[in-house]
Amino acid sequence: MAFNPQQLEAIGHGCQEGALLVSAAAGSGKTTVMAQRVKRLLADPELGIQADRLFVSTFTRAAAAELRGRIASLLNQELEEARTQGNTRQAAWLQKQRIYLQRAAIGTTDSYCIRLVQQHFSLLDIAPDFEIADALQLERIQQQAVSAVVDRALTQAPDFVRLASLYGRSREDGSVSRLCLDLHRYLQGLEDPMEALDRFARNWEPGVHISATPWGKALASHALLPLEDALRGMEALTDDLPTEPALEPMAAVLKRDYALLAQMKEEADLCAGEGNRQAWESLSVPPKKDRWPTLKKEYKEGYGPQAAALKKERDRLWDQVKGALEPFQSFGLVEEEAIPLVRAFLRAGRELEEEIWNLKKQEKRFGFSDCEHLALQLLWKDDQRTPLAEEISAGFATVMVDEYQDTSALQERIYRCLARADGSNLFFVGDIKQGIYRFRQADPGIFQEKLDTYPLTGEGNGPRLLPLSANYRSDKVILDGCNAVFDLIMTRRLGGVEYDTPQQRLTPGNPDLNQGVFQAVLLEADPDQEEAQKRDKTRCE
């Protein structure tokens, strides 16, 4: 099988050359590349890397079984070739590698963490005969815990009672319980849930302006998209307007609208980036836009419909701006009334974490995320690696992670603990465009941060980025059509990545595949479904 230069570079990447992020697009042969790299590391007796010194994380057990099978097949081919050539030293080495491969840590991160906790339970405050709970058991424990915490808070914490009344239709409708469980699920993907709760609380101190908080910057970022869209819309109205005396007053108003929107967009950029308080307060004041001019009587017959259409589109764009500015106008100084409510919620969140954990310990049943947190306790303490982590990491020649775009902050820390202290034997593979597990606390920002900061291979030592963009699965016509669509709509803010770059656009890898037909089908939105989504969004907000 012939490999392209980028694939060969990934396959040939050594275990001491620095961390490598392989940004592998759909159909680029990433699984083949991973299997070939492992084969290269294991087949050479001079390297002396035993197969049981591998750590390879896959997203599913099926993917792990497939990868292990591919590696075994490649080693068998190497073994047959060595025997045919009479290379007894190579054959003996490969024979051992087939045995070592059975002990290699190739599997999901969850499965590795479970084994680690089982082996070192004595270092943790848990029973040795714990079980892995199924989804129904975890749901029962969570419901039992949240009922106890909420009932206690509703009888002992007046601020929590006020929160429950504001959030739900009544104290008994379960809304505040669902809110508490949502917080619990979010915390499961973080390194230290309790420390995170403390950090959240620090954003709700008297006198803290929203612009200085992470969630204030997030609100500003969400406002940028409709502002940018309105700015483009206003520019299009101005550019497309014919030069006619009758429409000159309208053109003047639209130009001033555009200038006002451009200023507002700059201020929103400041709020989203630096957390600028002055810009936030400027956006909190409703914009003073000009009144729409009345068409002169002598022009109404000829230009009336066009002027009416312009006004309608202008009103639509300003309605969009109004929605974008709502966070700026609704929040300012974190009001005294809100502070005790949020703090009461965070206290309930802390109690819920403790209640759920105590119930799990009593029943000796843990979930996958619990085992990941327990594993991290074994590997990381007081902001440094433990002696056990140092011992384990010394045994791994390479730490490889597949589907890296779906990694959580908790898992990222675990990988860092298993690798060398300088991270030089890390090998990540993934595609930011295929990140779909935010609802499971995956954080694509971990992948994105490396995309933004790692230099391309060949540009120095240390961590590097290697894009695999050649697609061998699809027809060139299909790829060109996909690129044409996503060049227009996929940006950092909408989709999480700038698509129109050489690293992200798909390129055809097989020139023989060039007979297809690209057809884009636009589906009309269901108004009832749109209304339901709006209600869900309102509830989330």
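As the structure is a computational prediction, the values presented were derived from the model and not from experiment.

Visitor: So what exactly am I meant to see when it comes to the layout of surface pockets here?
Guide: In this approach a probe as big as a water molecule rolls over the atoms, and the regions it shows empty are the leftover space. A volume near 1,100 Å³ is recorded for the second largest pocket. Around the second largest pocket, the lining comprises 39 residues; the ones closest to its centre are Asp110, Phe368, Ser369, Glu372 and Arg440. Among the residues making up the lining of the second largest pocket, the classes are represented as 11 nonpolar, 16 polar and 12 charged.

Visitor: Help me understand the pairing of strand S1 (residues 20-24), please; the structure alone is not making it clear to me.
Guide: Sheet faces and side chains relate simply in a regular strand, where the side chains alternate between the two faces. Counting buried residues in S1 gives five out of five residues, a clear majority hidden from the surface. Taken together, the four bridges between S1 and strand S9 (residues 426-430) define a ladder with parallel strand orientation. Looking across to S9, one finds that Leu21 is bridged to Phe428. Direction of pairing for S1 relative to strand S10 (residues 464-468): parallel, over a ladder of five bridges. By the bridge assignment for S10, Leu21 is matched with Leu465.

Visitor: Help me out: how do you make sense of the sheet that holds S10 in this one?
Guide: Adjacent strands of a sheet pair through backbone hydrogen bonds, lying either parallel or antiparallel. Ordered by their spatial adjacency, six strands build an open sheet running S3-S2-S8-S9-S1-S10, and the pairing between neighbours is parallel. Each of the sheet's edge strands pairs with one partner strand only, and the pair in question is strand S3 (105-108) and S10. On average, adjacent strands in this sheet sit at an angle of 15° to one another, irrespective of strand direction. Contacting S1, strand S2 (54-58), strand S8 (398-401), S9 and S10, helix H2 (residues 30-43) crosses the sheet at an angle of about 170° to S8.

Visitor: So what exactly am I meant to see when it comes to the packing of H2 against helix H3 (residues 61-84) here?
Guide: Any two packed helices are characterised by the angle at which their axes cross and by the distance between the axes. At a closest axis distance of 9 Å, the pairing of H2 and H3 adopts a crossing angle of 45°. On the basis of the axis angle, H2 is oblique to H3. Here H2 runs over H3; the crossing is right-handed. Each of Thr31, Thr32, Met34, Ala35, Gln36, Val38, Lys39, Leu42 and Ala43 in H2 lies in contact with H3, whose residues at this interface are Glu66, Leu67, Arg70, Ile71, Leu74, Leu75 and Glu78. Considering only residue class, the contact of H2 with H3 consists of nine nonpolar, three polar and four charged.

Visitor: Looking at this model, I keep getting lost on the pattern of salt bridges. Mind explaining?
Guide: Pairing between side chains becomes possible if they bear opposite charge and their charged atoms approach one another. Tallied over the full model, the rule gives 37 salt bridges. Its salt-bridge partner being Glu363, residue Arg365 comes within 3.1 Å of it at the nearest N-O pair. The partly exposed category is assigned to Arg365, whose relative accessible area is 22%. What emerges from the salt-bridge pattern is a single network uniting Glu131, Arg140, Glu363 and Arg365.

Visitor: How do you make sense of unusual backbone geometry when you look at a structure like this?
Guide: Only a minority of non-glycine residues have a phi that is not negative, and only a minority of peptide bonds are not trans. At Asp383, a residue that is not glycine, the phi angle is positive and equals roughly 60°. Position of Asp383 relative to the elements: it lies in the loop between strand S6 (380-381) and strand S7 (384-385). A positive phi angle is found at Glu403, which is not glycine, with a value near 50°. In this fold, Glu403 is placed in the loop between S8 and helix H17 (409-418). In this structure Glu403 comes out as partly exposed when scored by relative accessible area, which is 22%.

The rules behind each value
Residues numbered from 1 in each chain as written. Predicted model: local features only at pLDDT ≥ 70, side-chain atom pairs only at ≥ 80, totals over all residues. Heavy atoms only, no water. 1 Å grid on protein atoms, 1.4 Å probe; cavity = no way out; pocket = protein on both sides within 12 Å on 5 of 7 lines; lining within 4 Å. Points joined across faces, edges and corners; volume = space filled by probe spheres on them. Nonpolar A, V, L, I, M, F, W, Y, C, P; charged D, E, K, R; others polar. Buried < 20%, exposed > 50% of the residue type's maximum accessible area, 1.4 Å probe, protein only. Helix = DSSP H or I, 4+ residues; strand = E, 2+ residues; numbered from the N terminus. Pairing = 2+ DSSP bridges. Axes fitted to C-alpha atoms, helices over the stretch in contact; angles between N-to-C directions. Contact = heavy atoms within 4.5 Å. Parallel < 35°, antiparallel > 145°, perpendicular 65-115°, else oblique. Left-handed = near helix turned anticlockwise from the far one by under 90°. Salt bridge = Lys/Arg side-chain N within 4 Å of Asp/Glu carboxyl O.

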